[in-house]
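# A closer look at the structure
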Amino acid sequence: MTSSTTSKGAAKRALLSLAIGSFGIGMTEFVVMGLLPNIARDLVPSAWAASPDDAIAQAGWLVSLYALGVVVGAPTIAGSVARFPRHRVMIVLAATLTFFTLLTVVAPTFELVAASRFLAGLPHGAYFGIGALVAADALGPGNRAKGVAFVLTGLTIANVVGVPLGTLLGQQVGWRAAFAVVAGIFLLATVSIAFFVPAHPGMPGRRLRDELRVFRLGQVWFALGIGAIGFGGFFAMYSYIAPMITDVAGQPEWVVSAVLVLVGIGMTVGNIVGGVLADKDLRFWLHVGLIALAVASIGLAVTAGWIFSLALFAFLVAFCGAALSPAIQTRLMDVAEDNQSIAAALNHSALNMGNSLGALLGGLVIAAGLGLVAPAWVGAALALAGLVVAVVAYRVEDRSGRHPAHRMPAAEAATTAITGSIPTQG
């Protein structure tokens, strides 16, 4: 599929088909966070009756397991299917997302829902990674980043519109209804991709073994650590934002959706601003961004009892977290040498390790009886721990005298950090 063989109208239909799937992924990953109290009340009623906080902490495992699925699936699936035609791979991935989301809708027990969430996370990273490669070619040379950005709009719109509306639907009708809508979106994406995404060849002879050589590079591990630990500070807050609003700030459930809109806006704006700031000085912004995330998390923890300050600091945590994303993406691409493709997928794994870690530790402190505000303090600690990893990484690099030759523009990373793939300019 190239601009010479595909009309602009056909290319836009292909990109829209891919964007529908990214919208569904944004909803399925984040809508669960606003519905944790509802899920806990339904799936673990005995734990809810004994202690709502413990039940919410248990439900938080659904966030961690989905993120773990992304961590496992992003590099392994993307690397394993690279040799197959990409348009067919995208159909299979969208259909798989549909099926596993439907399992979440019908699964009768917490254990089965947990398993379905892990399975639903497996295709997530590969969908974005391979979809970004298809999108990068759709509009032809000179417009590849625009193609990727178009697909990414599905994810950003999901955070601003889909997640809040899905949360509101789940609160009013039942949490399973929200996932039923997501399954319908994935089904629509599957059909649309089958009809509107033209044939797109894979890379015959591509082997997963070759891609995995990136793990021999020490700075890659440092970069993954920055993302997995530092970015976990954002998810420690986001995973438990609903009970903070309803139980700590004493607001009705519909306020959760309103705050989630602000969080989505913060993520969208932060991703753009972060790319600009990281282009000016990547090392400086990576350090300052992690400090800012820690400060915003502390502000949230201290003022969570007042809804307006809670909303403000939730916005700032989202802004700072998303602003770090292109910086982390850029750093990982810089140190990956010739392993750019797998490194892009690994960035997705790293950020979802942060998702899993933040949700897990946030749940543990709640279960330990430290209160529903405790995850915000965890977020601050994770951000500062990520800062320590970043400082150590740069000191090791300075002492070795080996600085990366490849420098990826952070502004470009801002449009691709979440997709798990970097478009090349033609």
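Residues numbered from 1 in each chain as written. Predicted model: local features only at pLDDT ≥ 70, side-chain atom pairs only at ≥ 80, totals over all residues. Heavy atoms only, no water.

For the protein chain, the name recorded in an unreviewed UniProt entry is MFS transporter, with Microbacterium enclense as its organism. One UniProt comment on the protein chain, placed under Subcellular location (unreviewed entry), says "Cell membrane". (UniProt positions renumbered as here; feature names shortened; annotations may be inferred.)

Turning to the overall build of the protein chain, a few remarks are in order. Across its full length, the protein chain holds 20 helices and zero strands. Relative to its 426 residues, the protein chain shows a buried fraction of 59%. Long-range contacts, defined here as pairs at least 24 residues apart, represent 85% of the contacts in the protein chain between residues at least 6 apart. Element-wise, carbon and sulfur atoms account for 70% of the exposed surface of the protein chain, whose accessible area totals about 15,700 Å². (Helix = DSSP H or I, 4+ residues; strand = E, 2+ residues; numbered from the N terminus. Buried < 20%, exposed > 50% of the residue type's maximum accessible area, 1.4 Å probe, protein only. Contact = heavy atoms within 4.5 Å. Areas by Shrake-Rupley, 256 points an atom, 1.4 Å probe, with all protein chains shown as cover.)

Mean pLDDT over the protein chain: 84, with 86% of residues reaching 70 or higher. The lowest-confidence element of the protein chain is helix 20 (residues 410-416), averaging 49 in pLDDT; the highest-confidence one is helix 10 (residues 175-196), averaging 96. Contacts for the low-pLDDT stretch residues 1-5, under 50 throughout, to residues beyond four places or in other chains number 13 contacts. In the predicted structure, residues 414-426 sits below a pLDDT of 50 and forms 54 contacts with residues beyond four places in sequence or in another chain. (pLDDT = per-residue confidence, 0-100.)

Overall, the coordinates contain three salt bridges when judged by the stated rule. Residues D398 and R283 are paired through a salt bridge, measuring 3.0 Å at the closest nitrogen-oxygen approach. With D398 in helix 19 (residues 374-400) and R283 in helix 16 (residues 282-303), this residue pair connects regions lying 115 residues apart in the sequence. The salt bridge involving R331 is made with E397; its shortest N-O contact spans 2.8 Å. Here the residue R331 occupies a position in helix 17 (residues 307-335), and E397 occupies one in helix 19, the gap between them amounting to 66 residues. Exposure class is identical for R331 and E397. Each is buried. (Salt bridge = Lys/Arg side-chain N within 4 Å of Asp/Glu carboxyl O.)

We now examine the packing of aromatic side chains. Tallied over the entire structure, the rule returns 10 aromatic pairs. A network of ring pairs unites the aromatic residues F30, F231, F234, F235 and Y238 as a single cluster. Geometry around Y394 places R331 over its ring, the cationic atom sitting 4.3 Å from the centre. (Phe/Tyr/Trp six-rings, centres within 6.5 Å; stacked < 30°, edge-to-face > 60°. Lys NZ or Arg CZ within 6 Å of the ring centre and 35° of its normal.)

A few words on the environment of V295. Along the chain, the position of V295 falls in helix 16. In sequence terms V295 and L384 are 89 residues apart; their C-alpha atoms lie 9.5 Å from each other.

Geometrically, a packed helix pair is captured by the angle between its two axes and the distance between the axes. Helix 15 (residues 254-280) packs onto helix 14 (residues 241-248) with a crossing angle of 130 degrees between their chain directions and a minimal axis gap of 9 Å. Regarding the angle of helix 14 to helix 15, the classification is oblique. Seen from above, helix 14 lies across helix 15 with right-handed handedness. Together, I241, A242, I245 and T246 of helix 14 and V255, V256, V259 and L260 of helix 15 make up the contact between the two elements. (Axes fitted to C-alpha atoms, helices over the stretch in contact; angles between N-to-C directions. Parallel < 35°, antiparallel > 145°, perpendicular 65-115°, else oblique. Left-handed = near helix turned anticlockwise from the far one by under 90°.)

So, on to the nonpolar core. In terms of nonpolar packing, the biggest core is built from 79 residues, with F234, Y238, I241, V259 and L310 touching the most fellow members. The element that contributes the greatest number of residues to this core is helix 17, accounting for 13 residues. Shared between two domains, this core holds at least three residues of each, these being domain 1 (10-205) and domain 2 (207-400). Beyond its immediate sequence surroundings of up to four residues, I241 is in contact with V259, L260, L310 and A314. The next biggest cluster of nonpolar side chains, apart from the first, holds 33 residues, and it includes I130, V151, I185 and V197. (Core = buried A, V, L, I, M, F, W, Y, C linked by side-chain atoms within 4.5 Å. Domains from an automatic or database assignment.)

This part covers the side chain of E29. One can find E29 in helix 1 (residues 8-34). Among buried charged residues, E29 stands out as having no salt bridge; its nearest opposite-charge side chain is R117, 8.0 Å away. In this structure E29 touches Y66, R117, H124, N352 and N355, once residues within four positions along its chain are discounted. (Lys, Arg positive; Asp, Glu negative; His and termini not counted.)

What follows concerns the environment of I272. When you line up the elements, I272 lands in helix 15. Judged by its relative accessible area of 55%, I272 falls in the exposed class. Remark: the alpha-carbon pair of I272 and P326, spanning 54 residues in sequence, is separated by 8.5 Å.

Our next topic: the packing of helix 6 (residues 86-106) against helix 10. Contact geometry for helix 6 and helix 10: axes closest at 8 Å, N-to-C directions at 165 degrees. In terms of orientation, helix 6 and helix 10 fall into the roughly antiparallel class. You can see that helix 6 and helix 10 cross each other, and the crossing is left-handed. The segment helix 6 lies against helix 10, with H87, M90, I91, A94, A95, L97, T98, T101, L102, T104, V105 and V106 engaging W175, R176, F179, A180, V182, A183, F186, L187, T190, I193 and A194. Within the contact of helix 6 with helix 10, the residues separate by chemical class into 17 nonpolar, five polar and one charged. (Nonpolar A, V, L, I, M, F, W, Y, C, P; charged D, E, K, R; others polar.)

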